[in-house]
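# Coordinate inspection notes
Spelled out, the chains give:
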Amino acid sequence: MWPVRRTCLVLLLVLQLVAGTAGQDEVREENSDIVKNVRGDDIVPEELDYEYDIPIHDDFIDDLCDNPVCWSPLCSGAEELDNIQCGCCPSTRPVKMTDIDLTVSCDTSGAVVRYNLTNVLGFGLENLTVVISYHMEGEQDSLDRKEVEDLEDTEISWPGLCSGVSYQFCVEVTHADMSKLDEQNMCQACTPHGPPASNPSSLLVSGGLTYLSASWPAVSPQCADLTYQVLLNGVTQDQPTDKTSHMISFLDPGLYNVSVRAENNEGHSTQPLPSTLYTIREITPPVDVQVTHAVSHGSLLAQVRWNKSIDFEEESLTRRGYLLNLYNSGEEDMPALIEEFNWDEMEKTFLFDSSLSWNTKFSLQTFFGNHKSNETELTELFSTALELSPPEPVTVRNVVINDTLAAVIDWVTSVDDGFEGLGVSITLWTKDNSELYSFSVSNPQNTTTVILENDLPWDTMVTLRTSVGDALSQGTEPIKLFSALELPAPANMTVTHTVENDTLTVEVEWEDAIVVD
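Reading the values: the criteria
Residues numbered from 1 in each chain as written. Predicted model: local features only at pLDDT ≥ 70, side-chain atom pairs only at ≥ 80, totals over all residues. Heavy atoms only, no water. Pairing = 2+ DSSP bridges. Helix = DSSP H or I, 4+ residues; strand = E, 2+ residues; numbered from the N terminus. Axes fitted to C-alpha atoms, helices over the stretch in contact; angles between N-to-C directions. Buried < 20%, exposed > 50% of the residue type's maximum accessible area, 1.4 Å probe, protein only. Contact = heavy atoms within 4.5 Å. Disulfide = S-S within 2.5 Å. Salt bridge = Lys/Arg side-chain N within 4 Å of Asp/Glu carboxyl O. Core = buried A, V, L, I, M, F, W, Y, C linked by side-chain atoms within 4.5 Å. Lys, Arg positive; Asp, Glu negative; His and termini not counted. Polar contact = N/O pair within 3.5 Å; in protein donor to acceptor, adjacent residues only side chain to side chain.

### As for the sheet that holds strand β28 (residues 447-451)
Paired through their backbone hydrogen bonds, the strands of a sheet run either parallel or antiparallel. The strand order across the open sheet formed by three strands is β24-β25-β28, and the pairing between neighbours is antiparallel. Both edges of this open sheet fall to β24 (394-401) and β28, since each of them pairs with a single strand only. Across this sheet, the average inter-strand angle for adjacent strands is 25°, counted without regard to direction. Pairing geometry for strand β25 (residues 404-411) and β28, over five bridges, is antiparallel.

So, in structure tokens, the structure goes:
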């Protein structure tokens, strides 16, 4: 309860009222200087301010008054004890909004609150504290509060406000002798309008072969109508988003300048845009394709190596790698076999066997997700390991085996290191180049025998070709199997005649003149 001075006796009160009324004119005249400055702040009130009736005073009413005379010399010192007008005055002067000259200016970039505590500091208030805060209209919770440390300061500011939102900026003044006449929360409203005051501070871009994804930190404040627009090479893409990331798909390979700006219902921010360059790369096939051959444990090996031609973001989880396409020949449109390799696998060794043709070719592709590069040029897998040339020299010699003439064929292979699948193909021909039949001899065998049988003509010819799998070299020149053998006339021929039972018999005998080793 604030102290209020009361008269103790009704009689004394009546006497003072009579005396006060009778001498009213005299008091006004004698105290003309007091009338000139009754507020104590060099502001002269209008005369009407002091044409008042003395309020009815009752000992049982505990009301305070805000009479201007309270702050005049009439109610200070010993004189106030004799002045009934000072009876309802509080012990200290209350602080009003008009005492601090409160003004507020605002836009979406922020608010500036201006005030002046000079008059309040002249009130002689103890434990004076000033706190300035702001909140949205209709809400109780403050968005921010700041205590004024230097009471001689005259302004305070806050950055970033939402367009179209009404804010209340309030000054709260407290001191040791507060009364109900003090205006504790002195507020002024301000509603900013305009586009966002700033754009995102940075921009991060990642992506793949046909898309990119942009992300950025949110601008402050995060208003209800705040959105973001992504631009590629200065052109808007898709619709604005209220998220802090956005993905743009179906992009062609090329270099893109990616930027983002903040927008609201009144437009977009005019501040500088964060931007970065990002390249959508065309997926390309592997490079530096090499094939090396070696013979190991009697088998021919082909080792294929390559290098990647493109790098992808390590953080991307998209499946990626290489495809090795095997073709039985270069004339096929579709590969006979496709092998898939991981991104870090860049070599493969093939074993030459019956499952793969000697003329097998291959190509390589890079894949990323469902996207594939073009194929590399077709490359021979095995056939470059050696040049298929016919055996040489080739010799044929005739022998008699079990009284049967035979031809023994000998040759020297043209391949130094033999391996599984390497051999010689032998073909028998008639003298007019009609094929009789063929057969193969596997490496390392280098001789074979052909018996002169009823189905072979005397003038049978033979050719030899080196064979690797299903591939054949050119043939040797035709060589006679048997007809190279000289056929001399029989020697020491004798004729003997005999007659027996009236039958003449002639017996011819001769010696074989053929010489066979």
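Having seen it, we continue.
### Some points on the environment of Ala-111
Within the secondary structure layout, Ala-111 lies in strand β2 (residues 110-114). Classification of Ala-111 by relative accessible area gives buried; the value is 2%. Those residues within four positions of Ala-111 in sequence are excluded, and the remaining contacts are Ser-105, Cys-106, Ile-156, Ser-157, Trp-158, Leu-161 and Phe-169.

### Let's talk about the pairing of strand β29 (residues 461-468)
The element β29 is extensively covered by neighbouring structure, given that seven of its eight residues are classed as buried. Judged from the eight bridges that link them, strand β26 (residues 422-429) and β29 form a sheet pairing that is antiparallel. By the bridge assignment for β29, Trp-429 is matched with Met-461. Where β29 meets strand β31 (residues 479-480), two bridges bridge the pair, whose relative direction is antiparallel. In the strand pairing of β31, Val-462 is matched with Ile-479. Judged from the two bridges that link them, β29 and strand β30 (residues 471-472) form a sheet pairing that is antiparallel.

### Considering unusual backbone geometry
With an omega of 0°, the peptide bond between Ser-220 and Pro-221 qualifies as cis. Looking at the element boundaries, Pro-221 is found in the loop between β9 (212-215) and β10 (227-232). Going from Asn-443 to Pro-444, the amide bond is cis rather than trans, its omega being 15°. Summarising the element assignment, Pro-444 is placed in the loop between β27 (435-442) and β28. With a phi close to 50°, Asn-127 is a non-glycine residue in the positive phi region. Locating Asn-127 in the fold gives a position in the loop between α4 (118-121) and β3 (129-136).

### Examining the pairing of strand β21 (residues 361-368)
Most of β21 is tucked away: eight of the eight residues are buried. By the alternation rule, side chains of β21 split into Lys-361, Ser-363, Gln-365 and Phe-367 and Phe-362, Leu-364, Thr-366 and Phe-368, which are all buried. Relative to strand β22 (residues 371-372), β21 is paired through two bridges, and the arrangement is antiparallel. For Phe-367, the partnering residue across the bridge sits in β22 and is Lys-372. Taking the residues between adjacent antiparallel strands as the criterion, β21 and β22 are bridged by two residues, where Gly-369 takes a positive phi near 65°.

### Points about the state of the cysteines
Counted by the stated rule, this structure contains five disulfides. At a sulfur-sulfur separation of 1.9 Å, the disulfide partner of Cys-170 is Cys-187. Across the disulfide from Cys-170 to Cys-187, rotation about the S-S bond amounts to roughly 110°, and the bridge is consequently right-handed. Within this pair, whereas Cys-170 is found in strand β6 (residues 167-174), its partner Cys-187 is found in strand β7 (residues 185-190), the two being separated by 17 residues in sequence. Cys-170 sits in the buried class, given a relative accessible area of 4%. The exposure class assigned to Cys-187 is partly exposed, which follows from its relative accessible area of 28%.

### Points about the pattern of salt bridges
Enumeration according to the criterion identifies 11 salt bridges in this entry. Among the ionic pairs, Arg-145 bridges to Glu-172, the shortest N-O distance being 3.5 Å. Taken together, the residues span a long stretch of sequence, with Arg-145 in strand β4 (residues 144-147) and Glu-172 in strand β6 at a distance of 27 residues. For Arg-145, a relative accessible area of 46% puts it in the partly exposed group. A salt bridge links Asp-242 to Lys-243; the shortest N-O distance between them is 3.1 Å. For Asp-242, a relative accessible area of 53% corresponds to the exposed category.

### Let's talk about the sheet that holds strand β8 (residues 204-207)
With antiparallel pairing, three strands are arranged side by side in an open sheet as β8-β9-β12. Each having just a single partner strand, β8 and β12 (245-248) make up the two edges of the open sheet. Here the strands of the sheet are splayed against their neighbours by 20° on average, with no regard to which way each runs. With four bridges connecting them, β9 and β12 associate as antiparallel partners. Within β12, the position partnered with Ser-213 by the bridge is Met-247.

### Overview of the nonpolar core
Note that soluble globular proteins tend to have their nonpolar side chains buried in a common cluster. Core analysis: the largest hydrophobic core is formed by 46 residues, its most contacted members being Val-95, Ile-100, Val-113, Ile-132, Phe-169, Leu-212 and Val-258. Residues within four places of Val-258 in sequence aside, it is in contact with Leu-203, Val-205, Leu-212, Ala-214, Val-230, Leu-231, Leu-232, Pro-274, Ser-275, Thr-276 and Tyr-278. Listed in part, the 29 residues of the second largest apolar core include Phe-312, Leu-324, Leu-386 and Ala-471.

### Remarks on the side chain of Asp-225
By the element assignment, Asp-225 lies in the loop between β9 and β10. No salt bridge is formed by the buried Asp-225. Its closest oppositely charged neighbour is Arg-261, at 14 Å. Within the structure, Asp-225 has its side chain in polar contact with the backbone nitrogen of Asn-265 (distance 3.3 Å). Leave out the neighbours within four places in its chain, and Asp-225 touches Glu-263, Asn-264 and Asn-265.

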